[in-house]
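Observations on chain architecture
Residue strings, one per chain:
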Amino acid sequence: MVCVSCSRWRLEPGEMPPNSSAVMSLPAHARIVIVGGGIIGCSTAYHLTRMGVRDVLLLERKQLTSGTTWHAAGLVRSTLYTQNLTRLAKYTVDLYTRLEAETGQATGFIQPGSISIATNAERWQELMRGVGMLRSFGVEAHPISPREAQVKWPLMQIDDVVGAIWYPQDGKCNPIDTCMALAKGARVGGARIIENTKVDRILVENGRAVGVKTAAGVVHAEIVVNCAGIWARELGRTVGVDVPLQACEHFYVVTDPMEGMHPDLPVMRDMDHCAYYKEDAGKLLLGAFERRAKPWGLDGIPEDFAFGELPEDFNHFAPILDDAMKRVPSLSRVGIRKFFNGPESFTADGRYVLGPAPEIDGFFVAAGFNSIGIQSGGGAGMALAHWIAEGNPPFDLWDVDIRRLFPHQNATSFLVPRVSESLGLLYDMHWPFRQYETSRGVRRTVLHDRIAAAGACFGEVAGWERPNWFALPGQAPRYAYSYGRQNWFEASRQEHVAVRERVGLFDQSCFAKYVVKGRDAMRVLNRVSCNEVDVAPGQVVYTQWLNARGGIESDLTVFRLRPDEYMVVTSAMSQLRDRRHLERHIVEDDRVAVVDVTSGFAMIGLMGPCARDLLSSLSEDDLSNEAFPFATTCEIGIGAARVRATRITYVGELGYELMVPTEFASAVFDLVVEAGASYGLRLAGYHAMNSLRIEKAYRHWGHDISPDETPLEAGLGFCVAWEKKGGFIGREALLRQRDEGIRQRLVQFILEEADPLLYHDEPILREGHHVGRITSGMYGHSLGGAVGLGYVDLGGPVPAAEILSAQYQIDVAGRRVGARASLKSLYDPGSARSRV
Ligand SMILES: Cc1cc2nc3c(=O)[nH]c(=O)nc-3n(C[C@H](O)[C@H](O)[C@H](O)COP(=O)(O)OP(=O)(O)OC[C@H]3O[C@@H](n4cnc5c(N)ncnc54)[C@H](O)[C@@H]3O)c2cc1C
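In this report, we go over the structure that sits alongside the text. (Residues numbered from 1 in each chain as written. Predicted model: local features only at pLDDT ≥ 70, side-chain atom pairs only at ≥ 80, totals over all residues. Heavy atoms only, no water.)

Attention now moves to the overall build of the chain. The helix and strand tally for the chain stands at 18 helices and 37 strands. Dimensions of the chain, computed from C-alpha atoms along their principal axes, come out at roughly 80 × 65 × 50 Å. Within the structure as shown, the chain displays about 29,800 Å² of accessible surface, and the carbon and sulfur contribution to it stands at 51%. Across the chain, the centroid of the 88 positively charged side chains sits 2 Å from that of the 99 negatively charged ones. (Helix = DSSP H or I, 4+ residues; strand = E, 2+ residues; numbered from the N terminus. Areas by Shrake-Rupley, 256 points an atom, 1.4 Å probe, with all protein chains shown as cover. Lys, Arg positive; Asp, Glu negative; His and termini not counted. Charge placed at Lys NZ, Arg CZ, Asp CG, Glu CD.)

Given below as structure tokens:
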């Protein structure tokens, strides 16, 4: 039946949705079993069959769409926060445009476009930065005046509107119909869809999912896919797989029929007031992302929950409605026909959870869609189908990759407060460097209290509290956010200068560390590393781990400790991902163990021209350049502690990373700080580290390098040991690329004006044409301007010299700022300073 209040499909108990399957018996085997018949499960089934995968079975506990999908508002944007997520969003729009013609099932998809309004200067800057970013992604976005916005959305009051952006490609659909179209397409492609069949248990043997158990029997399978929506967390838990998501109440109201509402009216977003407005069958649908959300289902989702609604909560929604009546005054003259409250899953970082579960093989997850499941439906299903069928996603999807998540995020005590914040952040200001306020302090380094006492302002990465900057005397260690220079600019500048001129101390204890030990340690590491790791004990190797396409899966350092023992050091965020990558490449006959020793060692970075003198004053060991040269590691004594010191740097200066057994770390820290007073030592934070490393053009995995870029494109060809014995994963792809020539290269830029700031995703223009985007940016205090790294793509193989023979500009919030380009790092291009 069609719902009287919102004119969308609404099924009565026992009623079958259109195209629903007749009763079908459960097979004993299927190659792939998908659990959950919402938009994501149906899209995954659709795409698998489109890719020619046979023997796909989708099991739905109740009826298709009966979870969250049936009540979605149906907004379908063509954009998302990052380049690759926008690629997925654009794919969804393309798919929905043709899905009805392809399947014969109406989807209700139209593209009336959307408008986002700004009611203050900072939001306007944010939207304008977004315009540049989207253009560099190939998405249409046009700044328009408040008056022009009102012409497109006549009922809107614009007295307080500073400006608006018009996104002509955005659309809307009927979620139930769209899901049914995907299900129909999947069935036509050969998938079997069986409703009223709950998966009670995932069957696991020898660390691999091998099927599912239902009341109607067991289905053996090669791969099981968890698309169970708000139930996905519990389902994952039954087999020890973390799917950190939590249901929250999510609201909209639908008015009585309202004059001026017609299907072609664009969607309108007023994010400063947490609201979106959409025409819905002649009525107005007003939805919200309120600042503090209401988690729901803390005692579990009721067993019989299907096509379910939650109780109204007018008090909670009232502030949104009050603001809405100011924005759309005619709203106060119509009745509210429907107050809708339904559960949707939200995650700790506002991004969904996609990909192969790291805990067990043959088990994939697609869940936690943070209220964008309909607009993600096409893209996420397509990406997951590739991942399942080919072993890799179609392009880098680290932003939503399940491996970015950590077990602590699945703890209710962490998740519940966090999602009540993360839901609101979807529409709140997306300030540069914005930190979460909830669920903090879960991972603290052993130096935390000392660092805090010294005035650290902490940020959170992978649960770790990390000092981002140290407050100056009289300053509170608290962020004051803006798109301009924030309140920590001067403090961070002083830390930066201290590292360049004297010595700085970084608490790098959050860096992940694994010991790789055993007869075949070298062989395994050499297989995954593109650099040569068969080096003498005591040598340190900077390397990448590549995929078969030559893309960079990991960027890390490998220390050889003994002939059969290595230490691998990588970033905090990559702790689970990199270990999993390494373990996946250990084959049956290899005798090697990988042990994560992150918690066993604190790490103190001592960086700057005075680092050696400071350290020598505390150690009896010979730290001269001759005895202890760059890219080597050895144990030294500091006080009573034996410490692994490594000559390496991420900031471009003479420096040491000191790996200190945790129980000795505080004492070593105290000794260094006390002795450091005579050398001008300063505690330095991660903002300073970022500015120092970008000046030196050191790449950061996840920003400047990813599985989509190769070492040759990233300017890391010096890390490729082409001729090493046994080769390495990705070598063939790299050889092909070397022969054919590379079409994009990582370039460093410095703005020619001192004031504008770079963060990331600002478009790069060459002779006025878009050629790429900034992948990471920061103010460079030594270079005297904002510095950024970014890829320049000239559409075909281009000699390096040609890259530089042009005028460049960077688009900063709509203004084109001249920029100098360099293929060598602008700071200390010969790297002499770190090798003294
Ligand atoms: C008020 C509201 C408005 C929204 N508006 C929008 C919007 O405008 N645009 C947008 O993009 N998104 C919107 N969303 C979000 C969107 O609805 C969801 O992100 C999306 O529907 C999630 O789809 P799913 O397939 O992951 O989950 P679901 O639709 O919940 O599907 C999961 C399915 O798995 C089944 N299942 C669970 N456990 C089992 C089991 N053990 N065995 C078998 N089956 C099982 C369930 O019955 C369910 O049918 C909105 C959400 C809400 C609440």
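With that settled, the discussion passes to the pairing of strand β33 (residues 763-766). Within a regular strand, the side chains alternate between the two sheet faces. Residues Pro763 and Leu765 line one face of β33 and the alternating positions Ile764 and Arg766 line the opposite face, and both faces are buried. Counted along the chain from β33 to the antiparallel partner strand β34 (residues 769-780), the turn is 2 residues long, and its residue Glu767 has a positive phi close to 50 degrees. Inspection of the sheet shows β33 paired to strand β36 (residues 808-812) by 3 bridges, in the antiparallel sense. Bridge pairing links Arg766 to Tyr808 in β36. (Buried < 20%, exposed > 50% of the residue type's maximum accessible area, 1.4 Å probe, protein only. Pairing = 2+ DSSP bridges.)

Let us look at the sheet that holds strand β30 (residues 655-661). Taking strand neighbours across the sheet as the criterion, the 6 strands line up as β28-β29-β30-β27-β21-β31 in an open arrangement whose pairing is mixed. The sheet is open, and its two borders are formed by β28 (633-638) and β31 (681-683), each paired with just one other strand. Between one strand axis and the next, the sheet turns through 30 degrees on average, direction left out of account. Summarising the sheet, strand β27 (residues 601-607) and β30 pair through 7 bridges and their orientation is antiparallel. Note on β30: the bridge partner recorded for Ala602 is Val660. (Axes fitted to C-alpha atoms, helices over the stretch in contact; angles between N-to-C directions.)

Turning next to helix α15 (residues 662-676). Taking 1.5 Å per residue as the helical rise, α15 with its 15 residues ought to reach 21 Å, and the 21 Å between its terminal C-alpha atoms agrees with that figure. Those residues of α15 that sit buried are Ala665, Ser666, Val668, Phe669, Val672, Ala675 and Gly676. (Expected span 1.5 Å × (residues − 1).)

Another point: the pattern of salt bridges. Tallied over the full model, the rule gives 51 salt bridges. Arg31 serves as the salt-bridge partner of Glu222, at 3.3 Å between the closest nitrogen and oxygen. One end of the pair, Glu222, is in strand β11 (residues 217-226); the other, Arg31, is in strand β1 (residues 29-35), with 191 residues separating them in the sequence. Its relative accessible area of 31% is what places Arg31 among the partly exposed residues. A salt bridge links Glu583 to Arg579, with the nearest nitrogen and oxygen atoms 3.4 Å apart. Of this pair, Glu583 and Arg579 both sit in helix α13 (residues 575-584), 4 residues apart, which is roughly one turn of that helix. (Salt bridge = Lys/Arg side-chain N within 4 Å of Asp/Glu carboxyl O.)

The next thing to look at is the packing of helix α2 (residues 83-103) against helix α5 (residues 175-188). Direction vectors running N to C along α2 and α5 enclose 60 degrees, while the axes themselves pass 10 Å from each other. Classified by the angle their axes make, α2 and α5 are oblique. The handedness of the crossing between α2 and α5 is left-handed. Counting all contacts with α2, which are made through Leu95, Tyr96, Leu99 and Thr103, the residues of α5 involved are Thr178, Ala181, Leu182, Lys184 and Gly185. Tallied by class, the residues present in the contact of α2 with α5 amount to 5 nonpolar, 3 polar and 1 charged. (Parallel < 35°, antiparallel > 145°, perpendicular 65-115°, else oblique. Left-handed = near helix turned anticlockwise from the far one by under 90°. Contact = heavy atoms within 4.5 Å. Nonpolar A, V, L, I, M, F, W, Y, C, P; charged D, E, K, R; others polar.)

Further remarks concern the site of the ligand. Contacts to the ligand come from 36 residues, most closely from Glu60, Thr69, Leu75, Glu344 and Gln375. A distance of 3.0 Å separates an oxygen atom of the ligand from a polar backbone atom of Gly74. Between the ligand and Ile374 there is a distance of 2.8 Å, counted from an oxygen atom to a backbone nitrogen or oxygen. Look at the ligand: alone it shows 1,000 Å² of surface, and the protein chains cover 98% of it. Taken together, the residues that form the shell around the ligand break down as 16 nonpolar, 16 polar and 4 charged. (Near = heavy atom within 4 Å. Polar contact = N/O pair within 3.5 Å; in protein donor to acceptor, adjacent residues only side chain to side chain.)

With that settled, consider the side chain of Thr598. With respect to the helices, strands and loops of the structure, Thr598 is situated in the loop between β26 (593-596) and β27. For Thr598, a relative accessible area of 3% gives the class buried. A polar contact of 2.5 Å, which involves the side chain of Thr598, links it to the side chain of Asp596. Look past the residues within four positions of Thr598 in its chain and what remains in contact with it is Trp464, Ser509, Cys510, Phe511, Ala512, Lys513 and Gln575.

Attention now moves to the sheet that holds strand β32 (residues 744-751). Strand order around the closed barrel formed by 6 strands is β32-β35-β34-β33-β36-β37, with antiparallel pairing between neighbours. Looking at each pair of strands side by side, their axes are set apart by 40 degrees on average, direction ignored. Bridge count between β32 and strand β37 (residues 815-822): 4 bridges; the pairing is antiparallel. Following the sheet pairing, Ile750 is matched in β37 by Arg820.

Most of helix α16 (residues 686-695) sits inside the fold, with 9 of its 10 residues counted as buried. Following α16 by one or two positions, Ala697 adopts a phi angle in the positive range, close to 60 degrees.

Between helix α11 (residues 489-501) and α16, whose axes approach to 8 Å, the crossing angle comes to 55 degrees. The pairing of α11 with α16 is recorded here as oblique in orientation. Here the hand of the crossing between α11 and α16 comes out right-handed. In contact with Ser492, Glu495, His496, Val499 and Arg500 of α11, α16 contributes His687, Ala688, Ser691, Leu692 and Glu695. Its residues assigned to classes, the contact of α11 with α16 comprises 3 nonpolar, 4 polar and 3 charged.

Right, let's talk about the pairing of strand β15 (residues 283-288) for a bit. Burial of β15 is extensive: 6 of the 6 residues sit out of reach of the surface. Bridging between strand β12 (residues 245-255) and β15 involves 3 bridges; their strand directions are antiparallel. Across the sheet, residue Val253 finds its bridge partner in β15, namely Leu286. Turn length for the strand β14 (residues 275-280)-β15 hairpin, with the two strands adjacent in sequence and antiparallel, is 2 residues, and the turn residue Ala281 shows positive phi of about 50 degrees.

This brings us to the nonpolar core. The biggest cluster of nonpolar side chains holds 86 residues, and the ones touching the most others in it are Ile34, Tyr96, Val225, Tyr352 and Leu354. The biggest single contributor to this core is helix α8 (residues 373-390), with 8 residues. Contacts of Leu354, omitting those with residues within four sequence positions, involve Val365, Ala366, Ala380, Ala383, Leu384, Trp387, Leu397, Val400, Asp401 and Ile402. Val33, Ile202, Ile301 and Val365 belong to the second largest nonpolar core, which has 35 residues in total. (Core = buried A, V, L, I, M, F, W, Y, C linked by side-chain atoms within 4.5 Å.)

We now examine the packing of aromatic side chains. Within the structure shown, the criterion is met by 25 aromatic pairs. Judged by centre distance (5.3 Å) and plane angle (75 degrees), the rings of Trp398 and Trp701 are edge-to-face. Note that Trp398 is positioned in the loop between α8 and α9 (412-425) and Trp701 in the loop between α16 and α17 (731-740), a separation of 303 residues in sequence. For Trp398, a relative accessible area of 9% gives the class buried. Between Trp469 and Tyr479, the aromatic rings sit 5.8 Å apart at their centres with planes inclined by 80 degrees, giving edge-to-face as the arrangement. With Trp469 in strand β20 (residues 464-470) and Tyr479 in the loop between β20 and α11, this pair connects stretches of sequence that are 10 residues apart. (Phe/Tyr/Trp six-rings, centres within 6.5 Å; stacked < 30°, edge-to-face > 60°.)

Of note, Asp761 is situated in the loop between β32 and β33. At 2.4 Å, the side chain of Asp761 and the side chain of Arg773 are in polar contact.

Further remarks concern the environment of Gln111. Relative to the helices and strands, Gln111 is located in the loop between α2 and β4 (114-118). Separated by 87 residues in sequence, Gln111 and Lys198 have C-alpha atoms that sit 36 Å apart. There is a polar contact of 2.8 Å between the side chain of Gln111 and the backbone oxygen of Gln169.

Moving on, we come to the state of the cysteines. Here a disulfide denotes one covalent bond, and it connects the sulfur atoms of two cysteines. Going through the model one piece at a time under the given rule, you end up with 0 disulfides. The cysteine Cys248 is free of any disulfide, with Cys274 supplying the nearest cysteine sulfur at 14 Å. The class for Cys248 is buried, based on a relative accessible area of 0%. Using a relative accessible area of 7% as the deciding quantity, one classes Cys274 as buried. (Disulfide = S-S within 2.5 Å.)

Read these as spatial facts, not as claims about activity.
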